[in-house]
Amino acid sequence: MSSKTQDAVQDAVQDAADLITVVPGTPSETVQRAAATAQKRTFAELVESLLTTVGPRLTAAGAGLQDARQLAGWRKGAEPRQEMARDRVTALAEVVGAITTHYSAAVAASFLRSSQPALDDRAPVVMIRETTAETLPEVMGEVRSAVRAFLEG
């Protein structure tokens, strides 16, 4: 292969690599968009979205609630007593939003409940439920990585 041909091939490979990193819809882009969307929405909108996609039991479990009765008030605009409940709902909405971009709500619910190899066989909903204000950034970093791995297949 001539030097000119090799240069052309290398340029084509680099162009393809550049496209892969900037094409909307990559797993990283999907996770970033889902995080941005979850941050922009009101708490009531997040709760409504979760209730319609993954249901009250999974939403309550992830939020750290003993039962789902408080969700009805949150759906109507009531504020949670604990700030961590808001943070957990936002985290759940981020994960569900990213997965439902490419898969169904049932797949998102299954992902949340299932042991994930990328999370040392822990379930994301349990990790989110058990997080504290101090551990939330680290936990969500791990969960986002698991979501990206899942979306990559």
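Located above this text is the structure these notes cover.
In short, a report on the structure.

Quick notes on the rules
- Residues numbered from 1 in each chain as written.
- Predicted model: local features only at pLDDT ≥ 70, side-chain atom pairs only at ≥ 80, totals over all residues.
- Heavy atoms only, no water.
- Salt bridge = Lys/Arg side-chain N within 4 Å of Asp/Glu carboxyl O.
- Helix = DSSP H or I, 4+ residues; strand = E, 2+ residues; numbered from the N terminus.
- Buried < 20%, exposed > 50% of the residue type's maximum accessible area, 1.4 Å probe, protein only.
- Contact = heavy atoms within 4.5 Å.
- Phe/Tyr/Trp six-rings, centres within 6.5 Å; stacked < 30°, edge-to-face > 60°.
- Axes fitted to C-alpha atoms, helices over the stretch in contact; angles between N-to-C directions.
- Parallel < 35°, antiparallel > 145°, perpendicular 65-115°, else oblique.
- Left-handed = near helix turned anticlockwise from the far one by under 90°.
- Nonpolar A, V, L, I, M, F, W, Y, C, P; charged D, E, K, R; others polar.

Within the structure shown, the criterion is met by seven salt bridges. The shortest N-O distance in the salt bridge between Glu48 and Arg75 comes to 2.6 Å. Note that Glu48 is positioned in helix H3 (residues 43-53) and Arg75 in helix H5 (residues 69-75), a separation of 27 residues in sequence. Exposure remark for Glu48: the relative accessible area of 31% places this residue in the partly exposed category. The residue Arg86 makes a salt bridge to Glu83 at a minimum N-O spacing of 3.7 Å. One end of the pair, Arg86, and the other, Glu83, are both in helix H6 (residues 83-100), three residues apart, so they sit about a helical turn from each other. Classification of Arg86 by relative accessible area gives partly exposed; the value is 22%. Overlapping salt bridges bring together Glu79, Glu83 and Arg86 as one network.

On to helix H4 (residues 55-63). For H4, the complete set of buried residues consists of Gly55, Leu58, Thr59, Ala60, Gly62 and Ala63. Against the buried residues of H4 lie H3, H5, H6, helix H7 (105-113) and helix H8 (124-130). One or two residues past the end of H4 sits Gly64, with phi positive at roughly 90 degrees.

Okay, the packing of aromatic side chains next. Tallied over the entire structure, the rule returns three aromatic pairs. With a centroid separation of 5.2 Å and an interplanar angle of 55 degrees, the aromatic rings of Phe111 and Phe150 are classed as tilted. Residue Phe111 is located in helix H7, and its partner Phe150 is located in helix H9 (residues 136-152); the two are separated by 39 residues in the primary sequence. On the accessibility criterion, Phe111 (3% relative accessible area) is buried. The class of Phe150 is partly exposed, set by a relative accessible area of 28%. By way of ring pairs, the aromatic residues Tyr103, Phe111 and Phe150 are connected into one cluster.

Right, let's talk about unusual backbone geometry for a bit. Even without a glycine there, the phi angle at Asp120 is positive, about 55 degrees. Phi is positive for Asp121, which is not a glycine, with a value near 60 degrees. Take Asp121: its relative accessible area is 53%, and that puts it in the exposed class.

Moving on to the packing of H3 against H4. H4 packs onto H3 with a crossing angle of 130 degrees between their chain directions and a minimal axis gap of 6 Å. As the angle between them shows, H3 and H4 are arranged oblique. Between H3 and H4 lies a crossing whose hand is right-handed. Residue-level inspection shows Leu50, Leu51 and Thr53 of H3 in contact with H4, the latter providing Gly55, Pro56 and Thr59. Considered class by class, the residues forming the contact of H3 with H4 number three nonpolar, three polar and no charged.

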